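Chain by chain, the residues run as shown.
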Amino acid sequence: MTQKVRAAVAFAPNESMRIVEVDLADPGPGQVMIRFIATGLCHSDQHVLDGHMGHKFPAILGHEGIGEVVSVGADVADFQPSDRVIPFLVPDCGRCAFCRSGRTNLCVEFGKRRAADATPFSLDGKPVHVFMGIGSFAEMSVVHADMLVKVDETARTDQACCIACGVTTGIGAATITANVQPGSSVAVFGVGGVGLSVVQGARLAGAGTIIAVDRNPDKEPAARLSGATHFVTAGGEEPAGRQIRRIAPMGVDYAFECVGMPQLLTDALAASNPGWGLAVGVGIMPDGATLPVPAGYLSSGRAVKGSYMGGAKRQDVGRFVDMFVKGDFSLDHIVTHRLPLEEINRGFDMMLSGEAVRSVVIY
Ligand code: ZN
Ligand code: ZN
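So, how was this worked out
- All residue numbers refer to positions counted from 1 along the written sequence of the respective chain.
- Chains and ligands are labelled by the order in which they are written, letters from A for the one and numbers from 1 for the other.
- The predicted origin of the model limits local features to residues at a pLDDT of at least 70 and limits the giving and counting of side-chain atom pairs to 80 or more, whereas totals for whole chains, interfaces and linings rest on all residues.
- Values reported for side chains reflect all heavy atoms of the structure, with hydrogen atoms and water molecules removed beforehand.
- By the criteria applied, helices consist of DSSP H or I runs no shorter than four residues and strands consist of E runs no shorter than two, each listed in order from the N terminus.
- Relative accessibility under 20% of the residue-type maximum defines a buried residue, over 50% an exposed one, and the middle range a partly exposed one, all with a 1.4 Å probe and only protein chains included.
- For two strands to pair, DSSP has to find at least two bridges joining them.
- Here the coordinating atoms are restricted to nitrogen, oxygen and sulfur within 2.8 Å of the metal centre, or 3.2 Å for Na, K and Ca, and because water is not among them the sites may look incomplete.
- Residue contacts are counted whenever heavy atoms from the two residues lie within 4.5 Å of one another.

**A word on the environment of V48**
Note that V48 resides in helix α1 (residues 43-49). Residue classification places V48 among the buried residues on the basis of a relative accessible area of 1%.

Structure representation (structure tokens):
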């Protein structure tokens, strides 16, 4: 059986998405049908729209959704209709070496499923591909139960949806990947939605000095609201690195790159303490990029570490939603625009122009 659902479909790279009705298949074994309530617009969706991620078209993007369970397939014991859920884009099969390690979120099913390219969506009998197995730019979708996390129903959905990706990527990078320690010093390079969440994570971890670095001085108020104690404008006369040294003369304990520029990760490393500084790569780097690091940067003890989805597992998403409900952090200054699905293209325009930190589609 299939049913008709409304979706924003990307038919080709560098084209506006179009709102059409597509066919959605029923959930198979281990799968769950969800009706989305809200979904955030993320830079990774934009990368696909730009044709940079080798994704197949036509495609339904969207991976920052929150919704309700409609129905479940066979062998799904953990979820039932009307459960409030967030799909997390990395599955958690619980059986592979990565899942069992307790250390990472890189389940082998993630790569396997992306290679298998299965999709619950079709249009005129032809497959419509789905990004990351989620497809929250459709009002309903079918996802694997091992990607779902049950979340607090009192969390406001127009903001909590962003915990599915951007917020978890940022707070996780600070609290899980880097494990920022109380009283430490932190620099965050690039304070868009993810960078601001790294700042929030550093604050939650009790960092004493949090330096937000961005080329756009207009980002200072949001950075301060997130917990930044200092703001450094990059790209001006005085190099950002020198400004950071005036605040943290020995270099910061932790430096985060949140833009996706190899040179900026090198700059982050250079800004860190030569004895124990940790530079964390959070931004998605261009395909095939290499990291230009003078070997001397590492010889005295610094380290570079990558962070994918903040090192979080799906359970961490539920934990971050609980913290959000408790008021540990606010998303008031992160979710700046709310749109109907029909205006989704305008949402991406506002992301690119910098007018919006995060836009959210409300169904
Ligand atoms: Zn994302
Ligand atoms: Zn696994």
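From this point, the narrative continues.
**Focus: the sheet that holds strand β2 (residues 18-25)**
The strand order across the open sheet formed by five strands is β1-β2-β7-β8-β4, and the pairing between neighbours is mixed. Of all strands in the sheet, those with a lone pairing partner are β1 (2-9) and β4 (59-60), marking the two edges. Bridge count between β2 and strand β7 (residues 121-123): two bridges; the pairing is antiparallel. Across the sheet, the residue bridging to D23 is S122, located in β7.

**Concerning the coordination of the zinc ion (ligand 1)**
Donor atoms from the polypeptide that coordinate the zinc ion (ligand 1) comprise C42 (SG), H63 (NE2) and C165 (SG), at 2.0 to 2.2 Å from the metal. One chain supplies every donor to the zinc ion (ligand 1), and in sequence these donors are spaced C-x20-H-x101-C. Pair noted here: H63 is in the loop between β4 and β5 (64-72) and C165 is in the loop between α4 (157-160) and α5 (166-177), with a separation of 102 residues, a long-range link. Looking at H63, the relative accessible area reads 1%, which means it is buried.

**Some remarks on the environment of A155**
Turning to its location among the elements, A155 is positioned in the loop between β10 (148-150) and α4. Accessibility expressed as a relative area gives 4% for A155, which makes it buried. Linking A155 and K326, residues 171 residues apart in sequence, is a C-alpha distance of 9.3 Å. In this view, A155 contacts R84, A160, V321, F324 and V325; residues no more than four positions away in its chain are not counted.

In short, the description is geometric, and any link to function would need to be established separately.
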